[in-house]
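# Observations on the model geometry
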Amino acid sequence: MVNGPEGATLDWDALDWRRHEDNVRRLRQRIFTAVKGGDLATVRNLQKLMLRSWSNTLISVRQATQRNTGRATAGVDGEVALTSEARMELAVRVHREARSWRSRPVKRVHIPKAGSRAKLRPLGIPVIADRCHQGRVRAALEPEWEARFEPRSYGFRPGRSCHDAIGAIYNTCKGPRAKRVWALDADLAAAFDTIDHSQLLEALGSFPARDMIRGWLKAGIIEAGTGFAPTGEGTPQGGVISPLLLNIALHGLEHAAGVRYITAGRQAGDTVAGSPVVIRYADDLVALCHSQRQAEQIQARLAEWLAPRGLVFNEDKTRIVHVGRDGFDFLGFNVRRYNGTLLIKPSTAAIQRIRERLRTEMRALRGSNAAAVLATLTPITRGWAAYYRGVVSSKTFKALDNYLWVLLYKWATRRHANKPKKWIVERYFGKYNKFRNDHWVFGDAASGAYLPKLAWTDIVRHTLVKGEASPDDPTLAEYWATRRRRVPPPLDGYTLRLLAKQDGHCPLCGDELLSVAQPPQSPHEWERWWLQITRKAINADYLTHHGKPGSPDGDHTRLVHAHCRRSLRARQRSSPPPQPEPPSRLA
């Protein structure tokens, strides 16, 4: 079953996903353990086993065709797999062509960069089969490098997020006696598009799927109007494996910057006195230094280290600043010391972006009803609040609530131009949330739904991930389970009570309901998360209610994985109905 589909269940909805996920998780943990033990031969054998694994193929196909937000976007071949039958057919084909597969060119598209509609970001969209193969290869390659990556690398890694990078900055710069008060705020220019292929392939060493990775790097691009173009450098931004390849290319950056860690004693894992602290999230990095001269030396040292890898600093976005006098923006947050106190807040640019987004959405909703306004705005505001709830955001949340109230009031007066203001206020604003003494909440009187205010979001400090901790480390299973329970997700109170009652586990498969494999990384990802919750189009790592209608305490309702619910229904449909027993002769 693990090594091929022969004799396996070929009904997508009837697959035992828990067993397949366990197979992949155990193999990842064995690879991680072998790397830590220095047994390279065992590592390569286990990676070959992972690449042959039927379970790995199924998980990769499900991720590409069912979980990813871009699952309906086709590559140059126009193929997608949006039905259970198409997904199973694709899984069988991907597994059988694993050794003979030849990569296809990627489709080049351009999307606006965050905060700038004039500047475009190039994306490369592989064909659906290539995305599945890249998922298979990543499952074999990622645990090897998770055992090697530097502790303050946070971008595109399992169990790590932007908030961990911000937490690391806070721990380094907090307190009136903080010594690292100078920052090299650096950004790499077009990092995905300029990575040197030879350096990257050399770093992969004898990895079994090295030739497949070379094929993806050299596959070329097809762009509307220009046709085919070969690729001599870079890895397509948009590929499943591209973020991991970028992290591999940048591995060793901390060491090149002169970061040194204490390796023994009670302070093991802390940086050596006098050493800088480098915090990296993908191609964005900040080096916290003791002096301006040290920051300048690190910038020169890193520029020399990046050159052979085909990478350079973006001069327009790279600068050396004093944390107390100037501050700096990082991942949408502003970091600055005020009279010796470090405050991290939403950046001015991030606030301007959300204000513009709300203004644009309200302009598009002219003529729509209140229900449409709530369906559009609720995921946006809740996603933004969830992303920034771990820093000093209370005043920002209140200011955005006031700004949003003005937009909503203007929308209502435009919709009912002939009605008096008192009528408009009574129709759209009131005490919709019975638990809060607020009579200015926007809502829909017909359904009772309302728009939660950002200021209602509690400020919850993010718990920084520990050192080099990885979900692939089998010795840290309890640590990750505790980490999941420590900070409640931003769900409604009813769902949180059900989650606590079930101890965070799905009653159908027994697995964790909320995965930490990849937390949401931006306000837009939190927004998509809320959309999936509210629309019930919930994927495997999210929640759905299951069971008979019951009392408010949830006696008859449980939270289950969406795929577990589908699998249960598929098994119920396929199993024959129970036959009545034949009447007894004595009767």
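Keep in mind that this is a model prediction, so the values were computed, not measured. (Residues numbered from 1 in each chain as written. Predicted model: local features only at pLDDT ≥ 70, side-chain atom pairs only at ≥ 80, totals over all residues. Heavy atoms only, no water.)

Another point: a positive patch on the surface. On the surface, R355, R359, R363, R366 and R414 cluster together into a positively charged patch. In terms of residue count, the dominant contributor to the positive patch is helix α13 (residues 348-364) (three residues). With respect to the element layout, R359 can be found in helix α13. According to the relative accessible area criterion, R359 is partly exposed, its value standing at 33%. (Patch = residues over 30% accessible without salt bridge, like charges linked within 9 Å, V, L, I, M, F, W, Y side chains within 5 Å. Areas by Shrake-Rupley, 256 points an atom, 1.4 Å probe, with all protein chains shown as cover. Salt bridge = Lys/Arg side-chain N within 4 Å of Asp/Glu carboxyl O. Lys, Arg positive; Asp, Glu negative; His and termini not counted. Charge placed at Lys NZ, Arg CZ, Asp CG, Glu CD. Helix = DSSP H or I, 4+ residues; strand = E, 2+ residues; numbered from the N terminus. Buried < 20%, exposed > 50% of the residue type's maximum accessible area, 1.4 Å probe, protein only.)

The end-to-end C-alpha distance of helix α6 (residues 162-173), which contains twelve residues, comes to 17 Å, matching closely the 16 Å that a straight helix rising 1.5 Å per residue would cover. The set of residues buried in α6 consists of C162, H163, D164, A165, I166, G167, A168, I169, T172 and C173. Looking one or two places after α6, you find G175, whose phi comes out positive at around 85°. (Expected span 1.5 Å × (residues − 1).)

The terminal C-alpha atoms of helix α3 (residues 54-67), which comprises 14 residues, lie 19 Å apart, in line with the 20 Å expected from a rise of 1.5 Å per residue. Taking the backbone nitrogen of S55 as reference, a side-chain oxygen 3.2 Å away marks S53 as the first, capping residue of α3. (Polar contact = N/O pair within 3.5 Å; in protein donor to acceptor, adjacent residues only side chain to side chain.)

With that settled, consider the sheet that holds strand β9 (residues 328-330). Adjacent strands of a sheet pair through backbone hydrogen bonds, lying either parallel or antiparallel. One open sheet holds the three strands; their spatial order is β9-β10-β11, and the pairing between them is antiparallel. The sheet terminates laterally at β9 and β11 (341-346), the two strands that pair on one side only. Taken over all neighbouring pairs, the strand axes of this sheet differ in orientation by 30° on average, direction set aside. Examined bridge by bridge, β9 and strand β10 (residues 333-338) share three bridges and lie antiparallel to one another. Within β10, the position partnered with F330 by the bridge is F333. (Pairing = 2+ DSSP bridges. Axes fitted to C-alpha atoms, helices over the stretch in contact; angles between N-to-C directions.)

What follows deals with the sheet that holds strand β8 (residues 319-322). The strand order across the open sheet formed by four strands is β6-β7-β3-β8, and the pairing between neighbours is antiparallel. On the outer flanks of this sheet lie β6 (277-281) and β8, each paired with one strand and no other. Put simply, the sheet's adjacent strands are angled 20° from each other on average, direction ignored. As paired elements, β6 and strand β7 (residues 284-289) share five bridges and run antiparallel to each other. By the bridge assignment for β7, R280 is matched with L285. In the packing of α6 onto the sheet, contacts are made with β6 and β7, and the angle to β6 comes to roughly 165°. (Contact = heavy atoms within 4.5 Å.)

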